[in-house]
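Below are the chains, spelled out letter by letter.
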Number of protein chains: 4
Amino acid sequence: MKIRTVVWGENVHEQKNKIVADLYPKGMHTCIADALNKNDDIEATTATLQQPEHGLTQERLAKTDVLIWWGHAAHGDVSDAVVERVCEAVWSGMGLILLHSAHFSKPFKRLMGTPCNLTWREAGERERLWVTSRNHPITRDLPDHFELENEEMYGEPFGVPEPLETVFVSWFQGGEVFRSGLTYKRGAGNVFYFRPGHETYPTYHDGNVQTVLRNAVRWAHNPMTRLQDVNAAPNVPVETAPEKIEERGPKLHQAGEEGYR
Amino acid sequence: MKIRTVVWGENVHEQKNKIVADLYPKGMHTCIADALNKNDDIEATTATLQQPEHGLTQERLAKTDVLIWWGHAAHGDVSDAVVERVCEAVWSGMGLILLHSAHFSKPFKRLMGTPCNLTWREAGERERLWVTSRNHPITRDLPDHFELENEEMYGEPFGVPEPLETVFVSWFQGGEVFRSGLTYKRGAGNVFYFRPGHETYPTYHDGNVQTVLRNAVRWAHNPMTRLQDVNAAPNVPVETAPEKIEERGPKLHQAGEEGYR
Amino acid sequence: MKIRTVVWGENVHEQKNKIVADLYPKGMHTCIADALNKNDDIEATTATLQQPEHGLTQERLAKTDVLIWWGHAAHGDVSDAVVERVCEAVWSGMGLILLHSAHFSKPFKRLMGTPCNLTWREAGERERLWVTSRNHPITRDLPDHFELENEEMYGEPFGVPEPLETVFVSWFQGGEVFRSGLTYKRGAGNVFYFRPGHETYPTYHDGNVQTVLRNAVRWAHNPMTRLQDVNAAPNVPVETAPEKIEERGPKLHQAGEEGYR
Amino acid sequence: MKIRTVVWGENVHEQKNKIVADLYPKGMHTCIADALNKNDDIEATTATLQQPEHGLTQERLAKTDVLIWWGHAAHGDVSDAVVERVCEAVWSGMGLILLHSAHFSKPFKRLMGTPCNLTWREAGERERLWVTSRNHPITRDLPDHFELENEEMYGEPFGVPEPLETVFVSWFQGGEVFRSGLTYKRGAGNVFYFRPGHETYPTYHDGNVQTVLRNAVRWAHNPMTRLQDVNAAPNVPVETAPEKIEERGPKLHQAGEEGYR
């Protein structure tokens with residue numbers, strides 16, 4: 001079965017800004033989905049902010065193996081209920097890939113537990129991404145470094161928790177650096193942040209970037225059956241303890257009672 | 001200067017439950033604060049849910065080096081505004097120590113980005129804590145293992161992100177295990193989760209537990225000046241880039257404009 | 001193509017000790033290889049200490065995707081040249097799974113950079129392994145915990161570096177705990193330590209243990225082309241620097257010279 | 001008591017190369033020790049390759065809180081016995097700071113378990129170090145970035161295990177990046193790798209670099225009593241098991257016997 005991938009796009013600048021519309025006439029999300037669909041093992045569709053429930057109903061997320069998220073101008077318009085739903089899907093095993101300005105998206109901030117802030121400059125400068133983890137699944141078929149001639153700069157310090165692995169570090173022409181590829185795990189879900197992708201540049205048409213996205217989808221995909229009740233905190237009665245014990249001492253809870261939350 | 005420590009207690013069961021009130025006549029928070037105040041380098045005070053702003057005003061948090069949090073029955077009564085304020089203090093450098101049932105407290109879940117769930121049993125069984133990181137600052141003056149004759153059981157899997165370090169692992173009489181001491185960093189703030197402390201047992205009167213708390217306060221304390229504007233994402237204008245560059249390519253933002261959030 | 005797996009066995013106790021020989025008439029390594037070969041995607045063969053170059057020639061390692069290592073009584077008899085060869089294969093992308101008493105094997109100590117010590121007791125007591133990372137590839141098809149009725153005890157503190165992830169924690173009847181499943185990455189190679197497997201008990205006949213081994217082989221397998229020259233530290237001449245620069249200041253090395261080692 | 005720090009210098013180029021000798025007339029090690037001794041809480045002395053046992057006798061290491069290591073041309077001349085002794089001191093709690101070309105030193109490679117390789121260029125180019133962990137003890141009193149006008153370039157991928165924390169990332173004028181400050185823990189010992197310090201440039205006279213070294217010494221210092229017998233793997237007899245158990249099943253070892261190594 002193919003990896004069922006949903007590319008979520010905010011789809012705001014594509015409608016309002018001629019530069020962006022010219023670069024991505026069908027939207028950035030469609031450009032990314034089209035690139036992914038060139039791979040036999042990936043089946044990518046799209047969803048956007050403007051759709052009911054932002055196109056991310058409970059039913060759809062249940063059938064999504066990997067969700068890719070691009071947002072920028074309208075982070076605040078994303079419904080908190082959908083954000084919670086996305087996070088629960090991640091905890092239960094859905095992969096999540098956050099692109100560029102999605103560092104400030106609600107799902108990323110929610111999953112990281114930190115401000116996720118950085119410095120930035122929009123000057124069309126050169127970015128060079130260096131692989132810092134050789135032969136990581138996400139760097140497959142890539143050279144040790146590759147360039148994007150025009151990109152927005154993001155600079156350190158990047159306000160995120162220490163990752164499981166730092167996969168890419170970027171060099172910028174203007175003198176900054178940035179940890180551009182970071183892996184995390186939240187519950188059973190694999191999470192990857194990937195820096196490039198400013199909307200006024202043709203980044204998602206770039207071959208190396210498309211390779212990263214393909215690799216990241218495969219890496220983020222957890223083929224196991226999704227966990228159920230990811231928030232459950234079940235009581236284990238004395239009678240079913242793995243080792244035989246006798247209850248003793250004072251108690252707060254009655255037998256079979258639910259715990260506090 | 002002493003380490004300014006605030007012990008936050010939910011203070012609900014101490015008022016309602018005779019067993020808890022007998023064990024902790026002045027409240028669990030006061031018991032913990034009293035134990036910490038035996039150390040020359042720590043100055044501990046208390047705060048409770050029932051106080052205005054739960055006793056955690058902006059002014060007080062600004063002067064708090066380490067916050068200790070115990071909650072259980074009333075997680076939902078804690079104001080979201082106070083939770084956000086606590087998290088911002090952590091990101092800016094305040095230490096945070098979460099005790100026992102605070103695994104389900106709002107600040108911990110907010111900082112972890114995961115469900116923080118587990119299994120549990122209230123049977124007064126024996127818990128034995130094993131040190132898994134020898135000579136970690138938090139294990140100072142402790143033997144390789146110590147026991148609590150009566151404790152609530154918490155069992156794996158524990159729904160948290162992989163920690164920076166696993167410091168303690170607990171053995172339970174009924175057959176379960178639990179990662180009982182976990183360190184994290186969120187922004188400039190050190191975060192420590194410590195498992196023991198069910199309210200119907202005299203855990204916070206235990207000498208080894210008091211040693212862990214003293215060590216944890218010292219470990220969590222970040223003596224540097226608190227970071228300001230922990231959410232700031234400043235623009236770096238072209239003119240002040242570390243290396244001289246010329247602006248090129250299309251732009252979304254006007255000079256000096258703020259970024260989207 | 002199948003995952004080419006080599007199960008390396010010390011093969012000493014199987015020859016000398018009747019209990020072990022009765023449990024594993026063809027050797028522990030063959031028992032493990034047979035279990036793995038029940039899976040369509042794995043092709044497991046064996047190698048032993050007594051063979052020339054311990055059965056691990058350069059040619060064979062070059063064609064090995066995952067190496068499984070069991071040793072106990074004869075760690076010191078393993079040739080340092082073979083150990084270095086194994087480590088280089090790991091750095092270049094070969095997976096390595098270390099079983100039980102292989103915590104003291106030369107390759108594990110070499111890759112960890114620590115003493116890898118622990119406490120132990122041979123009393124045939126009960127071990128219960130708890131999953132601490134739900135839906136990790138290594139825990140696929142396993143319940144949240146499973147038991148081995150007779151095992152040797154290994155106790156914390158375990159002298160290893162903090163892992164990428166703690167996947168299993170063991171409970172022992174005699175009161176100890178142990179981090180029984182730990183993942184690492186060394187160069188491009190995935191490394192997994194798995195605790196159970198004392199030679200006087202039928203551990204490798206256990207269905208859950210066989211499931212772990214199958215999962216671990218799949219997890220450890222890095223399908224990418226093996227890295228070449230894993231120790232190379234190439235000079236980047238000024239003329240081929242990614243950005244145009246001019247050489248300046250005093251120099252130690254002549255153009256084209258090799259670096260010191 | 002002051003932090004007893006030993007600065008170990010290879011002291012080869014200072015004797016042979018006029019540029020290095022002019023920059024560091026008393027040796028790089030003495031320059032570093034002098035800078036550290038400006039701090040009231042640090043007492044730094046030096047040791048060099050040419051001294052008996054390279055100046056690192058068992059007695060001296062036992063009284064050393066933090067060891068700083070600079071080597072380049074003569075890694076191979078360092079005695080394996082001294083390397084093992086240094087590693088044992090680290091495991092028992094001594095801090096270790098590795099500078100620049102010490103990435104290829106025997107102690108660093110031994111503790112990392114990886115090739116520790118990188119790319120390099122000696123062109124006197126500009127290096128800019130960015131802080132990636134705000135308010136980390138090692139970045140105290142530093143700005144978010146600082147520059148070294150002339151340095152050797154080290155480029156990624158850097159062949160080391162994923163660190164506990166990435167503290168600095170360097171930008172190089174010629175287009176490369178490097179993770180310049182990495183923290184590890186090996187046993188009870190804190191380990192820090194810091195990149196700058198090519199011998200033909202005045203790097204160790206730089207104020208920011210001296211601040212990093214001072215901070216790193218304080219961070220690496222573990223004030224607890226050094227662990228004894230860091231390689232010990234003690235047997236826990238059945239009679240002294242924390243929980244009462246009865247021995248059962250077949251055994252390999254006789255009572256009181258030592259384990260295999």
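Everything below is about the structure shown above.
So, here is what we can say about the structure in this document. These numbers come from a predicted model, not from an experiment. (Residues numbered from 1 in each chain as written. Chains lettered and ligands numbered in written order. Predicted model: local features only at pLDDT ≥ 70, side-chain atom pairs only at ≥ 80, totals over all residues. Heavy atoms only, no water.)

1. With respect to the overall build of chain A
Inference 1: Regarding its fold elements, chain A presents 7 helices and 9 strands.
Inference 2: Counting over 261 residues, chain A shows a buried share of 66%.
Inference 3: In chain A, the share of contacts with a sequence separation of at least 24, taken over all contacts with a separation of at least 6, comes to 71%.
Inference 4: Averaging the coordinates of the 28 positive side-chain charges in chain A and doing the same for the 36 negative ones gives two points 2 Å apart. (Helix = DSSP H or I, 4+ residues; strand = E, 2+ residues; numbered from the N terminus. Buried < 20%, exposed > 50% of the residue type's maximum accessible area, 1.4 Å probe, protein only. Contact = heavy atoms within 4.5 Å. Lys, Arg positive; Asp, Glu negative; His and termini not counted. Charge placed at Lys NZ, Arg CZ, Asp CG, Glu CD.)

2. Some remarks on the interface of chain A and chain B
Inference 1: On the side of chain B, 69 residues touch chain A, which itself brings 69 residues to the contact.
Inference 2: Of the roughly 5,400 Å² buried between chain A and chain B on both sides combined, carbon and sulfur atoms contribute 58%.
Inference 3: Per-residue buried area on chain A facing chain B is highest for W120, R248 and L252 of chain A; these three make up 15% of the total on that side.
Inference 4: Taken together, the links from chain A to chain B amount to 2 salt bridges.
Inference 5: Between chain A and chain B we count 30 residue pairs in polar contact (both at pLDDT 80 or more) in total. (Buried area = accessible area lost by both parts, 1.4 Å probe. Salt bridge = Lys/Arg side-chain N within 4 Å of Asp/Glu carboxyl O. Polar contact = N/O pair within 3.5 Å; in protein donor to acceptor, adjacent residues only side chain to side chain.)

3. Focus on the relation of the copies chain A and chain B
Inference 1: Laying chain A over chain B is done by rotating through 180° and shifting 0.0 Å along the axis; what remains is an RMSD of 0.0 Å. Expressed as an axis order, the relation between the two copies is that of a two-fold axis. When C-alpha positions in chain A are compared against the rotation axis, the closest is assigned to G113 of chain A, at 2.7 Å.
Inference 2: Of the residues that chain A buries at the interface, 100% are likewise interface residues in chain B, meaning the two copies contact each other through the same surface. (Least-squares fit on C-alpha atoms with pLDDT ≥ 70 in both.)

4. With respect to the interface of chain C and chain B
Inference 1: The interface is formed by 23 residues belonging to chain C together with 23 residues belonging to chain B.
Inference 2: Between chain C and chain B, roughly 1,900 Å² of surface is buried when both sides are summed, and carbon and sulfur atoms account for 61% of that area.
Inference 3: Our count for the contact surface shared by chain C and chain B stands at 0 salt bridges.
Inference 4: If you look at where chain C meets chain B, you find 10 residue pairs in polar contact (both at pLDDT 80 or more).

5. Focus on the side chain of N215 of chain B
All names here are of chain B.
Inference 1: As for its position among the elements, N215 is in helix α7 (residues 207-220).
Inference 2: Since its relative accessible area comes to 2%, N215 is described here as buried.
Inference 3: If near-sequence neighbours (up to four positions away) are discounted, N215 is found in contact with P137, I138, T139 and R140.

6. With respect to the sheet that holds strand β7 (residues 165-172) of chain C
Think of a sheet as strands paired side by side through backbone hydrogen bonds, with each pair either parallel or antiparallel.
Residues and elements named next belong to chain C.
Inference 1: The 9 strands lie next to each other as β2-β1-β3-β4-β9-β8-β7-β5-β6, forming an open sheet whose pairing is mixed. Both outer strands of the open sheet, β2 (42-48) and β6 (145-155), are each paired with one neighbouring strand and no more. On average, adjacent strands in this sheet sit at an angle of 25° to one another, irrespective of strand direction.
Inference 2: Alignment of strand β5 (residues 119-131) against β6, held across 8 bridges, turns out to be antiparallel. Bridged to L129 within β6 is F146.
Inference 3: Strands β3 (66-70), β4 (95-99), β8 (177-186) and β9 (189-194) of the sheet are contacted by helix α5 (residues 80-92), whose axis makes an angle of about 115° with β9.
Inference 4: In the packing of helix α7 (residues 207-220) onto the sheet, contacts are made with β1 (3-9), β2, β3, β4, β6, β7, β8 and β9, and the angle to β9 comes to roughly 165°. (Pairing = 2+ DSSP bridges. Axes fitted to C-alpha atoms, helices over the stretch in contact; angles between N-to-C directions.)

7. Brief notes about the packing of helix α3 (residues 28-36) of chain D against helix α7 (residues 207-220) of chain D
All names here are of chain D.
Inference 1: Two elements in contact, α3 and α7, have axes separated by 10 Å at closest approach and are oriented at 70°. Classified by the angle between their axes, α3 and α7 sit roughly perpendicular to one another. Side by side, α3 and α7 meet where I32, A35 and L36 of the first sit next to Q210, L213, R214 and V217 of the second.
Inference 2: Tallied by class, the residues present in the contact of α3 with α7 amount to 5 nonpolar, 1 polar and 1 charged. (Parallel < 35°, antiparallel > 145°, perpendicular 65-115°, else oblique. Nonpolar A, V, L, I, M, F, W, Y, C, P; charged D, E, K, R; others polar.)

8. Notes on the sheet that holds strand β2 (residues 42-48) of chain D
Residue and element names in this part refer to chain D.
Inference 1: Read from one edge of the open sheet, 9 strands run β2-β1-β3-β4-β9-β8-β7-β5-β6, paired in mixed fashion. Two strands lie at the open edges of the sheet, namely β2 and β6 (145-155), each paired on one side alone. Neighbouring strand axes in the sheet, compared pairwise and without regard to direction, differ in orientation by 25° on average.
Inference 2: Along the sheet, α3 makes contact with β1 (3-9), β2, β3 (66-70) and β4 (95-99), crossing β2 at roughly 175°.
Inference 3: Each of β3, β4, β8 (177-186) and β9 (189-194) is contacted by helix α5 (residues 80-92), which is oriented at about 115° to β9, the strand it contacts most.

9. Brief notes about α7 of chain B
Because an α-helix packs 3.6 residues into every turn, residues spaced three or four apart end up facing the same way.
Residues and elements named next belong to chain B.
Inference 1: Given a rise of 1.5 Å per residue, 14 residues ought to cover 20 Å, and the 20 Å separating the end C-alpha atoms of α7 matches this to within 8%.
Inference 2: Burial runs high along α7: 11 of the 14 residues are buried.
Inference 3: The complete set of buried residues in α7 reads V209, Q210, T211, V212, L213, R214, N215, A216, V217, W219 and A220.
Inference 4: N-cap assignment for α7: the residue whose side-chain oxygen lies 2.9 Å from the backbone N of N208 is D206. (Expected span 1.5 Å × (residues − 1).)

10. Structural notes on the pattern of salt bridges
Inference 1: In total, this model carries 80 salt bridges over all chains according to the counting rule given.
Inference 2: Where E84 of chain A meets R110 of chain A, a salt bridge forms, and the shortest distance between an N and an O atom there is 3.2 Å. One end of the pair, E84 of chain A, is in helix α5 (residues 80-92); the other, R110 of chain A, is in helix α6 (residues 106-112), with 26 residues separating them in the sequence.
Inference 3: For E84 of chain A, a relative accessible area of 31% translates into the label partly exposed.
Inference 4: Residue class for R110 of chain A comes out partly exposed when judged on its relative accessible area of 23%.
Inference 5: With a closest N to O distance of 3.0 Å, R128 of chain A and E147 of chain A form a salt bridge. One end of the pair, R128 of chain A, is in strand β5 (residues 119-131); the other, E147 of chain A, is in strand β6 (residues 145-155), with 19 residues separating them in the sequence.
Inference 6: The exposure class of E147 of chain A is partly exposed, given its relative accessible area of 34%.
Inference 7: The network of salt bridges with shared partners includes R126, R128, E147 and E149 of chain A, R248 of chain B together with E243 of chain C.

11. As for unusual backbone geometry
Note: most peptide bonds trans; most residues except glycine with negative phi.
Inference 1: Looking along the chain, the bond that leaves E156 of chain A and enters P157 of chain A is cis, with omega of 0°.
Inference 2: Within the secondary structure, P157 of chain A sits in the loop between β6 and β7 (165-172).
Inference 3: Unusually for a residue other than glycine, H54 of chain C sits at a positive phi of about 55°.
Inference 4: Looking at the secondary structure, you find H54 of chain C in the loop between β2 and α4 (58-62).
Inference 5: Located in the positive-phi region is C116 of chain D, a residue other than glycine, with phi close to 60°.
Inference 6: Mapped onto the fold, C116 of chain D is located in the loop between α6 (106-112) and β5 (119-131).
Inference 7: Overall, the relative accessible area of 0% leaves C116 of chain D in the buried class.

12. Some points on helix α3 (residues 28-36) of chain B
Inference 1: Of all 9 residues that make up α3 of chain B, 8 are buried, and the element is covered over most of its length.
Inference 2: When α3 of chain B is considered as a whole, its buried residues turn out to be M28, H29, T30, C31, I32, A33, A35 and L36 of chain B.

13. A look at the environment of T200 of chain C
Inference 1: Counting through the fold element by element, T200 of chain C comes out in the loop between β9 and α7.
Inference 2: By relative accessible area, which is 2% here, T200 of chain C ends up buried.
Inference 3: Note: C-alpha distance between T200 of chain C and L23 of chain C (177 residues apart in sequence) is 7.5 Å.
Inference 4: Ignoring sequence-local partners within four residues, the contact set of T200 of chain C consists of I19, V20, L23 and E122 of chain C together with P250, K251 and L252 of chain D.
Inference 5: Of the polar contacts made by the side chain of T200 of chain C, one reaches the backbone oxygen of P250 of chain D; its length is 3.4 Å.

14. Some remarks on the pairing of β9 of chain D
Residue and element names in this part refer to chain D.
Inference 1: Counting buried positions along β9 gives 6 out of 6 residues, so the element sits mostly inside the fold.
Inference 2: Pairing of β8 with β9, which is carried by 6 bridges, proceeds in the antiparallel orientation. Within β9, the residue paired with K185 across the bridge is N190.

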